[in-house]
Amino acid sequence: MKRIASLLVVFLLISCNEKEEMLLPKADVTIVKEVYDHSPIYLFFRVKGKDTVAELNRKNAIGTSNWIFNIDKRLPLKAVISQLQFMKEKRKKGMHTNEKAEDYFSYADSIGKNLAFLPFTKVKYNLEKPKYGVQIFFSKDNTILVLNSSEKAKEITKPELLKYLLGLPSDKPNKFFFCHDQNCSYEQFLQNSIFIAQFKLQIPVYNVTNEEFIF
């Protein structure tokens, strides 16, 4: 794999016989380095009038393969999420399916200088607020707010988050829900999703679900 020059990845869409430029999000860790038997899906950054639009290209998506979502980092999350839900529904309803096929986000590892991938097959995205439990809200201004019914919202840093959550008083195990600001950039969302994936490994399984919320 060629080194990513200035972390700018240019994809060649063979079916269209033209080049499309895409800025991938960056992170400082590789979650998955290789994905085999995959097909690409693209969400390009477009401006139409005063609106920013995520233009979906799924021409090369094969239903039985692993899907790699290549998404421009400049897109707002609210422009991306509807397309993600659309493709997840297409996967679910497809005539030709493969239960072992996975969905991945692609990104550039700014330390390793390589293309990397984050699996999100099992994550269910909801366009609403959780109706109960403890909300861990990743805001547009890069702060984390923890909200629960017994206390006021509290701003917490990433290094403090685990200790704070596990120390919350409760007469039964708390359920933690990760939430994203719909107005954040896709790059922020991707970086927070990587943090969440690693963070979940430190929390007892009964405290978390595969649901995340965007509002």
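This text goes with the structure placed above it.
Residues numbered from 1 in each chain as written. Predicted model: local features only at pLDDT ≥ 70, side-chain atom pairs only at ≥ 80, totals over all residues. Heavy atoms only, no water.

A. Structural context of the nonpolar core. Of all hydrophobic cores here, the largest spans 27 residues; its most connected members are Phe69, Ile71, Leu84, Phe105 and Tyr125. Sorting the residues of this core by element identifies strand E4 (38-48), strand E6 (66-71), helix H1 (77-93), strand E7 (103-109), strand E8 (114-119) and helix H3 (186-200) as the ones contributing at least two each. Of all the elements, H1 adds the most residues to this core, at 6 residues. Apart from the residues lying within four places of it in its own chain, the contact partners of Ile71 are Met22, Leu23, Leu24, Pro25, Leu43, Val80, Leu84, Phe105 and Tyr186. Judged by nonpolar contacts, the second largest core, of 17 residues, contains Val146, Phe178, Ile203 and Val208. (Core = buried A, V, L, I, M, F, W, Y, C linked by side-chain atoms within 4.5 Å. Buried < 20%, exposed > 50% of the residue type's maximum accessible area, 1.4 Å probe, protein only. Helix = DSSP H or I, 4+ residues; strand = E, 2+ residues; numbered from the N terminus. Contact = heavy atoms within 4.5 Å.)

B. Here's a closer look at the sheet that holds strand E13 (residues 176-180). Ordered by their spatial adjacency, 6 strands build an open sheet running E9-E14-E13-E10-E11-E12, and the pairing between neighbours is mixed. The sheet terminates laterally at strand E9 (124-126) and strand E12 (151-156), the two strands that pair on one side only. On average, each strand axis in the sheet is inclined to that of its neighbour by 25°, with strand direction left out of account. Alignment of E13 against strand E14 (residues 208-214), held across 4 bridges, turns out to be parallel. Counterpart to Phe176 in the pairing with E14 is Val208. Each of E9, E13 and E14 is contacted by H1, which is oriented at about 130° to E9, the strand it contacts most. (Pairing = 2+ DSSP bridges. Axes fitted to C-alpha atoms, helices over the stretch in contact; angles between N-to-C directions.)

C. Structural view of the packing of helix H2 (residues 158-166) against H3. Where H2 meets H3, the axes come as close as 12 Å, and the angle between the chain directions of the two elements is 40°. Between H2 and H3, the interaxial angle falls into the category oblique. Here H2 and H3 pass one another in a crossing that is right-handed. Contacts between H2 and H3 involve Lys158, Leu161, Leu162 and Leu165 from the former and Asn192, Phe195 and Phe199 from the latter. The class makeup of the residues in the contact of H2 with H3 is 5 nonpolar, 1 polar and 1 charged. (Parallel < 35°, antiparallel > 145°, perpendicular 65-115°, else oblique. Left-handed = near helix turned anticlockwise from the far one by under 90°. Nonpolar A, V, L, I, M, F, W, Y, C, P; charged D, E, K, R; others polar.)

D. Seen up close, unusual backbone geometry. Residues other than glycine seldom take positive phi values, yet Asp37 does so here, at roughly 50°. Positionally, Asp37 belongs in the loop between strand E3 (26-27) and E4. Judged by relative accessible area, Asp37 falls into the exposed class, the value being 55%. A positive phi is found at Asn142, a non-glycine position, where the angle reads about 70°. Within the secondary structure layout, Asn142 lies in the loop between strand E10 (134-138) and strand E11 (144-148).

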